[in-house]
Amino acid sequence: MSDDHDAFRFYVARKVSNPTTARFLFATGIECSYPIISTPQGDVRRDQMRECGHYERWREDFELVREIGCRVLRYGPPYYSIHLGPGRYDWSFTDEVLPALRKGGIVPIIDLCHFGVPDWLGDFQNEDFPRFFAEYARAFAERYPWVRLYTPVNEMYITAEFSAYYGWWNERLKTHRGFVNAVKNITRANIEAMLAIIHVRRDALFILCESSEHTHANHPELVRKAQMFNERRFLTLDLTVGRRVNSGMYVYLMDNGMTNDEYTYFLRQDLSEHFVIGHDYYVTNEHLLTDDEIRHGSGEIFGYYPLARSYHERYRLPIMHTETNERDGRAVEWLWKTWANIQQLRLHGVPVCGMTWYSLTDQIDWDTALRENNGRVHSVGLYDLDRKMRPAGRAYRRLIEQWKETPLLPNGPLTLVGDLMPEELAGDSADEESLIPKTVQR
């Protein structure tokens, strides 16, 4: 028996030997989408924070984040109701909520724009959106200088596609030209916001949360069209990081309204030292092309691992897994499958620094991507809407407890990235040790 045991000494678990490096970021998020949709009764603003009860129960929600074991929270204050007009803001909600988040030792990744804009800006076809959004971003950073992590515009590609190509949200267009104009305005707004934030917080980090996708063709005649969609999925990230698009996408942009000067603007920007590429991956992120313009959810054909590899090979930047979920009954299996994919990516040297189950609580009407106002509960949260823990919550809590000593990145001193909340920004209102998450304390 002892001989058998000795044979496995080579495979004994290794112990963490550097207590000063940052730890892997286990995160969750508060669902905060707020697009405008059409209904038989007229236009409706879908505010998920309101529909899911967060405005009344935010203190309880922050305690649930801590109960799960997360020290990082994706959090999107309602841009549409804060930015009242040029130079005008209502900070009443954020002035109450953000200090409590900070005092509780939870590091926020602030979503500044999550699928909608204020009524006075109209929609994503508005050419003035980048200028006014940058104004808002700077005002936010000046008011909350302790915030370091931002997602300026969440899921830029999905925002443009659902608003201006599928016709579901906001401007509700169904044209390539509308899509390209939305892409141009959204990506420029994203860049202008980052420049404005860096002016205030020079060590800001931007988690570029984007849908990681793939389109499969179900007929030989659709292969090249599927290829177009698989090139188009990169547009918003390509423009944001200043990567030249391929010739087909360049022609697509020019044919649908972007000018060469507008395109060149994106090539001039280089903020890549501030970037982490965020991957949102759901079972619905792979599509089957059945007609020239018709794509259906194909289910998980490739899975997260090969899609993440394809995005990493394109951008060669650190990665954070920033969204996933699955309905109750399948959620626990999906959680562990996702973690297995992340482990395999890190084993092969892909710098994945975090994982996110999105969202903390169940959502409303995401079974129809919010475009139908049915009031149906989408049971994908770590907690239900009564704030009772679901099996996925128990599984995620166990996963975090087991793997909390995992280094931030898989390769050596690259884990030394600086405090998320430096001493000089901690302020006098709270003890520094309580503000810096336990997973990243120095």
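Heads up: these notes are all about the structure in this document.

Definitions and limits used
Residues numbered from 1 in each chain as written. Predicted model: local features only at pLDDT ≥ 70, side-chain atom pairs only at ≥ 80, totals over all residues. Heavy atoms only, no water. Helix = DSSP H or I, 4+ residues; strand = E, 2+ residues; numbered from the N terminus. Rg over C-alpha atoms; globule rule 2.2 N^0.38 Å. Buried < 20%, exposed > 50% of the residue type's maximum accessible area, 1.4 Å probe, protein only. Lys, Arg positive; Asp, Glu negative; His and termini not counted. Charge placed at Lys NZ, Arg CZ, Asp CG, Glu CD. Core = buried A, V, L, I, M, F, W, Y, C linked by side-chain atoms within 4.5 Å. Contact = heavy atoms within 4.5 Å. Pairing = 2+ DSSP bridges. Axes fitted to C-alpha atoms, helices over the stretch in contact; angles between N-to-C directions. Salt bridge = Lys/Arg side-chain N within 4 Å of Asp/Glu carboxyl O. Left-handed = near helix turned anticlockwise from the far one by under 90°. Nonpolar A, V, L, I, M, F, W, Y, C, P; charged D, E, K, R; others polar.

1. Focus on the overall build of the protein
1) Next: Within the protein, the secondary structure is distributed over 17 helices and 17 strands.
2) Next: Computed over the C-alpha atoms, the radius of gyration of the protein is 22 Å, within 12% of the 22 Å expected from 2.2 N^0.38 for a compact globule of 442 residues.
3) Next: Along the first, second and third principal axes, the C-alpha atoms of the protein reach 70 × 55 × 45 Å.
4) Next: A total of 442 residues make up the protein; the buried ones form 57% of that total.
5) Next: For the protein, the distance from the average site of its 52 positive side-chain charges to the average site of its 63 negative ones is 2 Å.

2. Focus: the nonpolar core
1) Next: One finds Tyr-75, Phe-133 and Tyr-396 to be the most contacted residues of the largest nonpolar core, which totals 117 residues.
2) Next: At 11 residues, the largest contribution of residues to this core is made by helix 8 (residues 176-200).
3) Next: Ignoring anything within four residues of it in the chain, the contact list for Tyr-396 reads Phe-26, Ala-27, Ile-68, Cys-70, Leu-335, Met-355, Thr-356, Trp-357 and Leu-382.
4) Next: The next biggest cluster of nonpolar side chains, apart from the first, holds 15 residues, and it includes Leu-25, Leu-149, Leu-205 and Leu-408.

3. Here we look at the sheet that holds strand 7 (residues 107-113)
1) Next: Across the sheet, which stays open at both edges, the 8 strands sit in the order 14-11-9-8-7-4-1-15 with parallel pairing between neighbours. For this open sheet the edge positions go to strand 14 (319-323) and strand 15 (354-358), each flanked by a neighbour on one side alone. Here the average twist between neighbouring strands, direction ignored, is 30 degrees.
2) Next: Note: strand 7 against strand 8 (residues 149-153), 4 bridges, orientation parallel. Bridging across to strand 8, Cys-113 finds its partner in Val-153.

4. A word on the pattern of salt bridges
1) Next: The final tally for this structure, using the stated rule, is 28 salt bridges.
2) Next: One salt bridge connects Arg-143 with Asp-95, and the closest N-O pair in it is separated by 2.7 Å. With Arg-143 in helix 6 (residues 129-143) and Asp-95 in helix 5 (residues 92-103), the pair connects residues that are 48 residues apart, well separated along the chain.
3) Next: Connected via shared salt-bridge partners are Arg-46, Glu-51 and Asp-365.

5. Structural notes on the packing of helix 7 (residues 156-164) against helix 8
1) Next: Two elements in contact, helix 7 and helix 8, have axes whose closest approach is 9 Å; the angle formed by their N-to-C orientations is 145 degrees. As for the relative orientation of helix 7 and helix 8, their crossing is right-handed in sense. On helix 8, the residues touching Met-156, Tyr-157, Thr-159, Ala-160, Glu-161 and Ala-164 of helix 7 are Gly-178, Phe-179, Ala-182, Val-183, Ile-186, Thr-187 and Asn-190.
2) Next: Among the residues forming the contact of helix 7 with helix 8, the class breakdown is 8 nonpolar, 4 polar and 1 charged.

6. Comments concerning the sheet that holds strand 13 (residues 295-297)
1) Next: On the basis of which strands lie adjacent, the open sheet formed by 3 strands has the order 10-12-13 and mixed pairing. Of all strands in the sheet, those bounded by a partner on one side alone are strand 10 (214-217) and strand 13. On average, each strand axis in the sheet is inclined to that of its neighbour by 35 degrees, with strand direction left out of account.
2) Next: Strand direction decides the pairing type here: strand 12 (residues 286-289) and strand 13, joined by 3 bridges, are antiparallel. Bridge pairing in strand 13 links His-287 to Gly-297.
3) Next: Together, strand 10, strand 12 and strand 13 form the strand contacts of helix 9 (residues 223-232), whose direction differs from that of strand 10 by roughly 180 degrees.

It is worth stressing that arrangement in space is one thing and function is another; only the former is reported here.
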